[in-house]
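Fold and contact review
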Amino acid sequence: MNIFKQLWVSIFSPKDIASFQNQGIGKTILYVFFISLIAFLPSAYYFGTMIVDGIDAMHETVSEDLPAFEIKNGTLTTEEDEPFSLNKNGYQIFVDGTGALTPEKVAAEADEAVALLKSDLVFVSGGNVQSSPYSVLEGDNQEISTWLDSVESVLPIIIPLLLLILYLFTASGIFIKVTIIATFGLFFKNALGRPLSYRHLWRISAYSITLATIFFTIMDAFQAIVPFASIISWFVTLMMLYLSIKETSANKMGN
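Quantities reported herein were computed from a predicted structural model and do not represent experimental measurements. (Residues numbered from 1 in each chain as written. Predicted model: local features only at pLDDT ≥ 70, side-chain atom pairs only at ≥ 80, totals over all residues. Heavy atoms only, no water.)

1. Points about the pattern of salt bridges
Scanning all chains against the criterion turns up 1 salt bridge. Taking the shortest distance from any N to any O, the salt bridge between Asp65 and Lys88 comes out at 3.3 Å. Linking Asp65 in the loop between α3 (25-61) and β1 (69-72) with Lys88 in strand β3 (residues 84-88), this pair joins segments that are 23 residues apart in sequence. (Salt bridge = Lys/Arg side-chain N within 4 Å of Asp/Glu carboxyl O. Helix = DSSP H or I, 4+ residues; strand = E, 2+ residues; numbered from the N terminus.)

2. A look at helix α1 (residues 3-12)
Taken residue by residue, α1 has Ile3, Gln6, Leu7, Val9 and Ser10 as its buried positions. On its buried face, α1 is in contact with α2 (14-19), α3, α6 (198-208), α7 (210-221) and α8 (229-246). Where α1 starts, the residue carrying a side-chain oxygen 3.0 Å from the main-chain nitrogen of Phe4 turns out to be Asn2. (Buried < 20%, exposed > 50% of the residue type's maximum accessible area, 1.4 Å probe, protein only. Contact = heavy atoms within 4.5 Å. Polar contact = N/O pair within 3.5 Å; in protein donor to acceptor, adjacent residues only side chain to side chain.)

3. Details of the UniProt feature "transmembrane region" (unreviewed entry) in the chain
As annotated in UniProt, the feature "transmembrane region" (unreviewed entry) corresponds to residues 29-48, 157-188, 200-219 and 225-245 in the numbering used here. Counted over residues 225-245, helix gives 81% and strand 0%. Its end C-alpha atoms are 31 Å apart. (UniProt positions renumbered as here; feature names shortened; annotations may be inferred.)

4. Describing the sheet that holds strand β8 (residues 139-140)
Taken together, the 3 strands give an open sheet; going across it, the order is β2-β1-β8, and neighbouring strands pair in antiparallel fashion. Two strands lie at the open edges of the sheet, namely β2 (75-78) and β8, each paired on one side alone. Two strands pair when backbone bridges link them, and β1 and β2 are joined in this way by 4 bridges, in the antiparallel orientation. Across the sheet, residue Glu70 finds its bridge partner in β2, namely Thr77. (Pairing = 2+ DSSP bridges.)

5. Here we look at the environment of Ile51
Note that Ile51 resides in helix α3. Exposure remark for Ile51: the relative accessible area of 11% places this residue in the buried category. C-alpha of Ile51 to C-alpha of Glu79: the two residues are 28 residues apart in sequence and 28 Å apart in space. Setting aside its immediate chain neighbours within four residues, Ile51 contacts Phe123, Leu155 and Ile159.

6. Things to note about the side chain of Gln21
Along the chain, Gln21 falls in the loop between α2 and α3. Residue Gln21 is classed as buried on the basis of its relative accessible area, which comes to 1%. In terms of polar contacts, Gln21 uses its side chain to reach the backbone carbonyl oxygen of Ala18, at 3.0 Å.

In structure tokens:
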């Protein structure tokens, strides 16, 4: 069975998931990387869009529309007594040297925003917040505009590298989740009296995450908020694991 058919049947068929218990571990690991990629796609899209659109918005306005500011030793200073706000091409742009704004407050103010805060550069897209200190960013309006121009020229290199790093973090998290789920499988197999070893349970667990992963990937793609998302994800996955282990009664154990 190819990986795409495995993905399909793993959404609804505990019996098929149970049948994967004896397949090669390499194929199971490949499947975890595959499902990790699917789960990562919405975040990759919004992250890439956030960076490109955010830098474009900043580049167009930083030298002309924003109040005079300077970033020095990781801190932004302005002559303004209160935060400055400007709407540009659908993006809300903030400049705040007072310390009144935080990344959380910026996200609460606008779904799409770029903010130069007292000690952080903040991007917000679809409610997702990315902030970083001014570790490599210093200068006044004109110097920052020149710096942004150079950053735009290397975005085709920077964004894929950042996405690769973020994908590896996503995959690592899913591998850890599968390992934890397989540990729960030890309790289920004892309760059900199934002669499964941990290696069988790890393989079954790798496919048991499919339904919850696909559902929340779709929700992320539409930026839909699901109450108690983490609890629902773990509950659905553990139920699929339990039902899959229950289906192993008619299966011959193997290596």
